[in-house]
Structure formats: C-alpha cells, structure tokens
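Each chain, letter by letter, is given below.
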Amino acid sequence: MIKKLLTAIQEAEFNASRAVEAHIDANINVISSSTAVLANFNQIKANNAAIFDATEAKGASLITSSRKSDIRSRLSGETVKLAGVVQTFADDTNDFQLRDDMKVTPSQLQRMRDDELAPFCQFIYNRASAHISALRDYHLETADFTRLQTLINEYISESPKPRTAVSQRKTTNANIAALFADNRKRLKKLDKQIETFRDENPDFAETYFNARVIVEPSS
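Residues numbered from 1 in each chain as written. Predicted model: local features only at pLDDT ≥ 70, side-chain atom pairs only at ≥ 80, totals over all residues. Heavy atoms only, no water.

What about the overall build of the chain?
Scanning the chain for helices and strands turns up ten helices and zero strands. Along the chain direction, N to C, the helices and strands of the chain fall in the order α-α-α-α-α-α-α-α-α-α. Taken over C-alpha atoms, the radius of gyration comes to 29 Å for the chain, far larger than the 17 Å a tight globule of 219 residues would show. When the backbone C-alpha atoms are referred to their principal axes, the chain occupies close to 95 × 30 × 25 Å. Split into buried and exposed, the 219 residues of the chain put 37% on the buried side. Within the chain, counting contacts between residues at least 6 apart in sequence, those at least 24 apart form 75% of the total. For the chain, the exposed surface amounts to about 12,500 Å²; the carbon and sulfur share of it is 53%. Once the 29 positive and 29 negative side-chain charges of the chain are each reduced to a mean point, those two points are 5 Å apart. (Helix = DSSP H or I, 4+ residues; strand = E, 2+ residues; numbered from the N terminus. Rg over C-alpha atoms; globule rule 2.2 N^0.38 Å. Buried < 20%, exposed > 50% of the residue type's maximum accessible area, 1.4 Å probe, protein only. Contact = heavy atoms within 4.5 Å. Areas by Shrake-Rupley, 256 points an atom, 1.4 Å probe, with all protein chains shown as cover. Lys, Arg positive; Asp, Glu negative; His and termini not counted. Charge placed at Lys NZ, Arg CZ, Asp CG, Glu CD.)

Looking at helix H1 (residues 8-26)
If you check H1, its first and last C-alpha atoms are 27 Å apart, about what 19 residues at 1.5 Å a residue would give, namely 27 Å. For H1, the complete set of buried residues consists of Gln10, Ala12, Glu13, Phe14, Ala16, Ser17, Val20, Glu21, His23 and Ile24. (Expected span 1.5 Å × (residues − 1).)

Set out below in structure tokens:
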C-alpha cells in the first residue's frame, strides 16, 4: 500500500493554494504595483514550493524503508536456500552438527530483529563456506556464496537508514504543518487584499475566489 505524503485535507488545501498561485501568476500585473499584496503573495508561493520540496523528501525516505524491506526479503530467501542445500550435504556426510546448524526456516528469519538477522546469516555463510569445494557437487558455486555475502553487507548498510528516515519524516511532517498554518493565515489576508481589486478587475477577483474554494476530501 502506498502511503500518502500529505493528509487528505492538506492535499485539498495545497491544490487550492496552487490554483491561486497559478491564477495570480498569470495576472501578476494586476497586483504588481501593490507592494504589500505582492509580498504576501510571494511568501505564499515560497511556502508552496517548500511544501512541494518537503513532500518529495518525505517520499524519498519511504523509498529507503522499502529498499531495506526488499533486501531483507532477498537475504532471507538466499540464506534459506543455501542452508537447505548444505543440510543435504551434512546428511550425506553424517555431519550432524552442520546439519543442525543449517536448520533455518523463513518464519524464523522473519521473527528476527534487525540486529540479529545479519549476524545469523553471516554464521550460516561462514559454516557453509568452509565446505565450498565439496558443495560444488551439490550445485552450489562461488557465485552463490558471493551473492549471499553481498546481501548481508547491503543489509548491514541499509538497516539503520529507515530508523533515521522515520526521525526525518517526523521533522518533515512538523515543517509541512507549519507551512500550511502560515499559508492559511496569509491566504485569509490575501482574501481581504484581493477584494479591493474587485471593482476594477471583477473577473480577476471572481476567479481568485473560485480558486480559493477548498474541495473537502469527502466530496
């Protein structure tokens, strides 16, 4: 499931704010001589740009979490596959300790904490690689071991990133909320300012107030 980057009401407000921005930008000459109005509008534009950038950063942090989940899934799969083959080798050679060491299931790996998974997979790798020459007869090649070690290293590298990303998203969410709060105040001020242009530019004012309508998410 794709997580939304903005709440439903934030998205509705942002759409309205961007519509206002597009309308005034297309008719900037109407307010360009009114310094205070122009300054207020330019700050709204800056807030819109900052909200857009923040949502992009938030999206990137979600991708980081997804990447870690993907690596964990592939690492678990490769570990179970390799351990299963080594277990058959251990049976054939009556190496009961090795056979017991290779008893690993997908559900066992799924239950492991982040700080447990990589060391456990490394243990499986180390025990198995000691028999790499003999395991060629079981269709396990050097490339299989290299692939597993690469996934272990990638997981170790990626593991702390989602935790950092969560902290960053909390900060980003707070920044986004502050930008929306500022825009609400500024747009209410702009409503009063645009009203003064109604007599000389009725179409401009009317279109502005139409753009200002926030479509409720339920609608």
